[in-house]
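The chain contents come next:
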Number of protein chains: 4
Amino acid sequence: MCRWLAYSGAPILLLDVLYGGPNSLVDQSLKSRLGAEPTNGDGFGVGWYGAADTPGVFRSTEPAWNDQNLRELAGHISSPLFFTHIRAAIGSAVQQTNCHPFRHGSWLFMHNGYINEFATIKRDVVLAIDPSLYPQIQGQADTEFLFHLALTFGLQDDPPAAVEQAIGLVEDVAERHGVPHPFQGTVATTDGESIWGFRYSSERNSRSLFYTTDVPTLRKLYPERELFQEVSEDARLVVSEPLGDVAGVWNEVPESSWGVVGPGHEGSGIRQFRPKAPPASASVPG
Amino acid sequence: MCRWLAYSGAPILLLDVLYGGPNSLVDQSLKSRLGAEPTNGDGFGVGWYGAADTPGVFRSTEPAWNDQNLRELAGHISSPLFFTHIRAAIGSAVQQTNCHPFRHGSWLFMHNGYINEFATIKRDVVLAIDPSLYPQIQGQADTEFLFHLALTFGLQDDPPAAVEQAIGLVEDVAERHGVPHPFQGTVATTDGESIWGFRYSSERNSRSLFYTTDVPTLRKLYPERELFQEVSEDARLVVSEPLGDVAGVWNEVPESSWGVVGPGHEGSGIRQFRPKAPPASASVPG
Amino acid sequence: MCRWLAYSGAPILLLDVLYGGPNSLVDQSLKSRLGAEPTNGDGFGVGWYGAADTPGVFRSTEPAWNDQNLRELAGHISSPLFFTHIRAAIGSAVQQTNCHPFRHGSWLFMHNGYINEFATIKRDVVLAIDPSLYPQIQGQADTEFLFHLALTFGLQDDPPAAVEQAIGLVEDVAERHGVPHPFQGTVATTDGESIWGFRYSSERNSRSLFYTTDVPTLRKLYPERELFQEVSEDARLVVSEPLGDVAGVWNEVPESSWGVVGPGHEGSGIRQFRPKAPPASASVPG
Amino acid sequence: MCRWLAYSGAPILLLDVLYGGPNSLVDQSLKSRLGAEPTNGDGFGVGWYGAADTPGVFRSTEPAWNDQNLRELAGHISSPLFFTHIRAAIGSAVQQTNCHPFRHGSWLFMHNGYINEFATIKRDVVLAIDPSLYPQIQGQADTEFLFHLALTFGLQDDPPAAVEQAIGLVEDVAERHGVPHPFQGTVATTDGESIWGFRYSSERNSRSLFYTTDVPTLRKLYPERELFQEVSEDARLVVSEPLGDVAGVWNEVPESSWGVVGPGHEGSGIRQFRPKAPPASASVPG
């Protein structure tokens, strides 16, 4: 059911976060602790920001644990903000176009979870997507359609409101088709500066989501730990499950809530997530 | 722009048709003579009928010329009816779900050519596809959508009429969007018994299509050629370009026409192909 | 550390053995019960005998559990004798040329286990391989080198003696290099008629190996089970771990022993396996 | 038979050199002008130097022209020195471990051409490779063995002498086996600071090799060309065939010669290449 990781802070090698440690993301591809399924071997993706205007995206259909190119790139690419996702496919094919993160201009989007019985509601979801955005969809993953719904509803202006509308529309369409528990999961999106993280499921029993304690606090807690001295003061990880076991590092995002990390958002706190079906739902033709 | 081959007759090894000879299909993947582009290296597919109810489909994103598995399977699978397709991708990703032939139940469908500016008309095409068929589309290739249009219009009952309607609808939608020359190409479809071949383009300048002379005639022409003695009396190949240079073997299907090969269709001749927009076009919502 | 399966009997669809049931081989690729590692997702291979003189071999680097082509082929290929192997890579790259089974003429060979510190002794192993066989090695897997050692020592004439010499040589070379516990595993080889299975490790703590009870006995034990009525009287499976839980079906091959299944070998029993370093070891140049 | 490109100068995006222009390297993967075969679609590789001690290497078995990851990386990786290679496989499998460039510590090595009848002489080549280096060979490409021969003969101390000895040994072994025309091609190697380029074939009819005129001269020749103003003064490309058609930019390396580009090598000129069989050839055991 996928695992993911988002980093923001001073530029670091991807390797430092993806490999090593007792429960690294690459380890989770073979055996995760909290995932709905232990193995996340159906491809992976990395999206990273650097010198270019848009983030780079590297995606592969191989398991992360045995992908030599991932190890090479992780050892040679430094970035101040990156997303990594390992996939346990549900329903859609194992192909690069179904690997997260998905990109639109300077935005990235990834998801752990699913839209329930997506085949049943897919056509109505397509109808609700802005016709000028629809042709840009490259794959078949439910998440890519969710992303384009959120773009339709203004993700680039107000991410939380857009994601609430996107999931609200999914729930609305699902209800009309009699599909139970339409949405499950955690979502991350970024414009290259801030990272928004969402935890929600229609049945209020969502996949886990964690973020790291601020670095100044960690330095006080663990003055002897070199790692906390080396990372930047503003460094943050948002993850679907903790990478290690150090007490005080990982904070769980509560059920049905969202948060944002990045410049200008310090101390903004965790807020409630409430799906909102778009007014006069665009999804009902005729 | 792709090349393809369809065989019907007594069971033969795929190897006998795909490899060897002066312009074999696998040779055409590296260098075709009549293709719009010489190289057709963006994956391939094989669909074959055997003991099972539905045909088997083997697809790969590798160039056919260097795919070891294709050579193995071709050397070990015999079939009385098979489709093979090599791809030169235009627009859609190189992934197995975009490789021809496409399958629905016991039917196969493949295409050399394109729907012009497919992104522009894709949404309207989706709206015209039977909602119960739409979720079965696995990839992004224009051909898979065309196939599902044809299924919507009754391919399984009357293939020529359904393909005429499917292409008619594409031309109709394209005209409304101002897309010129909407359809180009040759199409083959089969139910496992008969093979229908179509040659048509909106600009009446279609990709080439050929079929073989009946075997009894070839045996009279070339009494000394072992190959013509070995193949069955009813053996036929339908191809996007001739596999060899033997005079009298290959017959070109004329512009804007179609034909059918198989039991009960002997002497049915070549007929005119006329796209027909479906009455009260289902593609105009609201 | 890999899992494998060998079938001999009346022709059956590969699907009937590879998929379905409580612990099918494809299930074992995601989660095996007895494997040294639960996940065997580093590619797989199938070798099957049919009409051709040599067996077909289909290999892929994708996990078996998500390989669409494997499912297609398994559902359309029937065979009276086939090998299937799923891989957990140790040391050598995930690539088709490292996937089992390996083939030489009409022979197949596969292995669950490893040669310890193979890099250390590889050069001496190469020197011991018949120079005319050496160029035929296509990959880097320790097993392919072991296979060519066994061919060098007469596998095609006397398989048990050749495998005993091959592993004997490996132990001999390892001892000279100070490599402990040089060989571990189970091996299967076939000429297309009989299947030889070996269980051995230098430390006498070998991976598991099982074979099925003869079908007449199973029919008496379970007269109501359709499956046992459908399979042929001479059908046998040899596997690295049982596919299901039915009592009386699976028999463990004891430590350090071998057996053979096939026409003319009925009642031949399990025999002891004793590695024998080749006389005047060819592996010591200079 | 492969095409390759080496760049040295101020850091530039790989994209600026690999894509665009009338005969870019990626264009050459589909259709090269001077290659022994026009299509170089059997995988590719990129090796680049950056912040890490060793260069990064990204390799893929897909044709470069349709590899989405190559385009992403090329658009996001800047480097002061990189190698790129597109492959037309001869004999060895299409797999990442056979893709150039090959790496040893901080060194890269790539080749356009072949060792004739490599299977015949491979065992003797293996015997001539330093036993401590031999286990590091990952694939089956003749070039990787040549690279390890050159490492054996001191590539890291004196690259031209080591390559002369490596090719000398190949010619020596080939002569003993009656293999004609043993070596063909162009070779590039680098330590991350200088690039050595070699052009040689046993029959004195070698694949082409070109390097760019120094930038100050190009600026005088073409004062209005922005590109020549943008690149650094010390920028150089070494290529198997010219990327464009601008007069005065490309200089052919003559038959049987070598040159070096990099700091401290200005004006060092082109020198003769003379293979030298190693004294008391290590390749003859017993």
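Everything below is about the structure printed above this text.
Bear in mind the structure is a predicted one, so any value in this text is a computation, not a measurement. (Residues numbered from 1 in each chain as written. Chains lettered and ligands numbered in written order. Predicted model: local features only at pLDDT ≥ 70, side-chain atom pairs only at ≥ 80, totals over all residues. Heavy atoms only, no water.)

What follows concerns the overall build of chain A. In terms of regular secondary structure, chain A is built from 8 helices and 13 strands. Taking 286 residues into account, the globule formula puts the C-alpha radius of gyration at 19 Å, and chain A, at 18 Å, falls close to it. Its C-alpha atoms give chain A principal-axis dimensions of roughly 65 × 40 × 35 Å. By the burial criterion, 63% of the 286 residues in chain A qualify as buried. For chain A, contacts bridging at least 24 residues in sequence account for 69% of all contacts bridging at least 6. For chain A, the accessible area works out to roughly 10,500 Å², and carbon and sulfur atoms hold 50% of it. (Helix = DSSP H or I, 4+ residues; strand = E, 2+ residues; numbered from the N terminus. Rg over C-alpha atoms; globule rule 2.2 N^0.38 Å. Buried < 20%, exposed > 50% of the residue type's maximum accessible area, 1.4 Å probe, protein only. Contact = heavy atoms within 4.5 Å. Areas by Shrake-Rupley, 256 points an atom, 1.4 Å probe, with all protein chains shown as cover.)

For the rest of this paragraph, the subject is the pattern of salt bridges. Inspection of every chain in the model, using the stated rule, returns 27 salt bridges over all chains. With its nearest N and O atoms 2.7 Å apart, the salt bridge here joins C:D245 to C:R33. Here C:D245 is found in the loop between β10 (236-239) and β11 (250-252), whereas its partner C:R33 is found in the loop between α2 (25-30) and β2 (44-48), with 212 residues between them in sequence. A single network of salt bridges, built from pairs that share partners, joins B:D124, B:D172 and B:R176. (Salt bridge = Lys/Arg side-chain N within 4 Å of Asp/Glu carboxyl O.)

Another aspect to go through is the sheet that holds strand β3 (residues 56-60) of chain D. Residue and element names in this part refer to chain D. The antiparallel open sheet is built from 7 strands, whose spatial order is β3-β2-β4-β1-β10-β9-β11. Edge positions in the open sheet fall to β3 and β11 (250-252), since each of these has one partner strand only. Pairs of neighbouring strands in the sheet enclose a mean axial angle of 15°, with direction left out of account. Relative to strand β10 (residues 236-239), strand β9 (residues 210-212) is paired through 2 bridges, and the arrangement is antiparallel. Bridge pairing in β10 places F210 opposite V239. (Pairing = 2+ DSSP bridges. Axes fitted to C-alpha atoms, helices over the stretch in contact; angles between N-to-C directions.)

Take the relation of the copies chain A and chain D next. At an RMSD of 0.0 Å, chain A and chain D line up after a rotation of 180° and a shift of 0.0 Å along the axis. Both copies are brought into coincidence by an operation consistent with a two-fold rotation axis. Distance from the rotation axis, computed per C-alpha, reaches its smallest value in chain A at A:I77: 4.0 Å. The residues that chain A uses at the interface reappear at the interface of chain D in 100% of cases, marking a shared surface. (Least-squares fit on C-alpha atoms with pLDDT ≥ 70 in both.)

Now for the sheet that holds strand β4 (residues 78-86) of chain A. All names here are of chain A. Ordered in space as β3-β2-β4-β1-β10-β9-β11, the 7 strands form an open sheet in which the pairing is antiparallel. The open sheet is flanked by β3 (56-60) and β11 (250-252), the only strands paired with a single partner. Taking each pair of neighbouring strands and ignoring which way they run, the sheet shows an average axis angle of 15°.

So, on to the packing of aromatic side chains. Counted under the stated rule, the structure contains 42 aromatic pairs over all chains. Ring geometry for B:Y200 against B:F273: centres 5.2 Å apart, planes inclined by 45°, an arrangement best described as tilted. In this pair, B:Y200 is assigned in strand β8 (residues 195-201) and B:F273 in the segment after β13 (271-272), connecting sequence segments 73 residues apart. Exposure remark for B:Y200: the relative accessible area of 2% places this residue in the buried category. Of the aromatic side chains, those joined through ring pairs into one cluster are A:F183, A:F198, A:Y200, A:W258 and A:F273. In this structure, A:R225 packs its charged tip against the face of A:Y222, placed 5.4 Å from the ring centre. (Phe/Tyr/Trp six-rings, centres within 6.5 Å; stacked < 30°, edge-to-face > 60°. Lys NZ or Arg CZ within 6 Å of the ring centre and 35° of its normal.)

This part takes up the interface of chain A and chain D. Across the contact, 18 residues belong to chain A and 18 residues belong to chain D. With both chains or domains summed, chain A and chain D bury close to 1,300 Å², and 47% of this area falls on carbon and sulfur atoms. Measuring nitrogen to oxygen at the nearest pair gives 2.7 Å for the salt bridge that ties D:E72 to A:R103. Counting across the interface, chain A meets chain D through 10 residue pairs in polar contact (both at pLDDT 80 or more). Taken together, the elements giving at least two residues each to the side of chain A that touches chain D come down to β3 and α3 (68-76) of chain A. Here the side of chain A that touches chain D takes 6 residues from α3(A), the largest share from any one element. Residue composition of the side of chain A that touches chain D, grouped by class: 7 nonpolar, 7 polar and 4 charged. (Buried area = accessible area lost by both parts, 1.4 Å probe. Polar contact = N/O pair within 3.5 Å; in protein donor to acceptor, adjacent residues only side chain to side chain. Nonpolar A, V, L, I, M, F, W, Y, C, P; charged D, E, K, R; others polar.)

What follows concerns the interface of chain A and chain C. Facing the 8 residues of chain A at the interface are 8 residues of chain C. Between chain A and chain C the total buried area reaches about 710 Å² when both faces are included, carbon and sulfur atoms providing 54% of it. Of all residues in chain A, the largest losses of buried area upon contact with chain C belong to A:T39, A:W65 and A:N66, amounting jointly to 41% of the total for that side. At the junction of chain A with chain C, the criterion picks out 4 residue pairs in polar contact (both at pLDDT 80 or more).

Residue and element names in this part refer to chain B. Following both chains from N to C, one finds helix α4 (residues 118-128) and helix α5 (residues 142-152) inclined at 30°, their axes separated by 10 Å at the closest point. On the basis of their axis angle, the class for α4 and α5 is roughly parallel. Pair α4 / α5 crosses with left-handed handedness. Between α4 and α5, the contacting residues are F118, K122, V125, V126 and A128 on the first element and D142, F145, L149 and T152 on the second. Here the residues of the contact of α4 with α5 are counted per class, giving 6 nonpolar, 1 polar and 2 charged. (Parallel < 35°, antiparallel > 145°, perpendicular 65-115°, else oblique. Left-handed = near helix turned anticlockwise from the far one by under 90°.)

Moving on to helix α5 (residues 142-152) of chain A. Residue and element names in this part refer to chain A. Counting buried positions over the 11 residues of α5 gives 10, a clear majority of the element. Within α5, the full set of buried residues consists of D142, T143, E144, F145, L146, F147, H148, L149, A150 and L151. In this fold, the buried residues of α5 make contact with β5 (102-104), β6 (107-115), α4 (118-128), α6 (159-177) and β7 (183-190). Phi for G154, located one or two positions after α5, is positive at around 95°.

All right, on to the environment of B:T84 then. All names here are of chain B. As for its placement among the helices and strands, T84 is situated in strand β4 (residues 78-86). Taking relative accessible area as the criterion, T84 reaches 2% and is therefore assigned buried. Measuring from C-alpha to C-alpha, the distance between T84 and L18 comes to 8.2 Å, with 66 residues separating the pair along the chain.

This brings us to the side chain of B:E171. Residue and element names in this part refer to chain B. Position of E171 relative to the elements: it lies in helix α6 (residues 159-177). No salt bridge is formed by the buried E171; the nearest opposite charge belongs to R204, separated by 4.9 Å. Those residues in contact with E171, other than ones at most four positions away along the chain, are P182, Y200, S202 and P275. (Lys, Arg positive; Asp, Glu negative; His and termini not counted.)

So, about the pairing of β3(A). All names here are of chain A. Most of β3 sits out of view: 5 of its 5 residues are buried. Burial along β3 is two-sided: the residues G56, F58 and S60 and V57 and R59 are all buried. Across 5 bridges, strand β2 (residues 44-48) lies against β3 in antiparallel orientation. When the bridges of β3 are listed, W48 appears paired with G56.

Here we come to the packing of helix α5 (residues 142-152) of chain C against helix α6 (residues 159-177) of chain C. The description of two helices packed together rests on the angle between their axes and the distance between the axes. Residues and elements named next belong to chain C. Axis separation between α5 and α6 bottoms out at 8 Å; the angle between their running directions is 120°. Our classification of the angle between α5 and α6 gives oblique. Handedness of the crossing formed by α5 with α6: right-handed. Of the residues in α6, those touching α5 at L146, L149 and A150 are A162, A166, I167, L169 and V170. Residues of the contact of α5 with α6, tallied by class, amount to 8 nonpolar, no polar and no charged.

Here we come to unusual backbone geometry. In the segment running from A:H100 into A:P101, the intervening peptide bond is cis, with an omega of -5°. Note on placement: A:P101 falls in the loop between β4 and β5. One non-glycine residue, C:S256, lies in positive phi territory at about 55°. The topology assignment puts C:S256 in the loop between β11 and β12 (257-261). Judged by its relative accessible area of 10%, C:S256 is buried. Here D:R204, not a glycine, exhibits a phi torsion of approximately 60°, which is positive.

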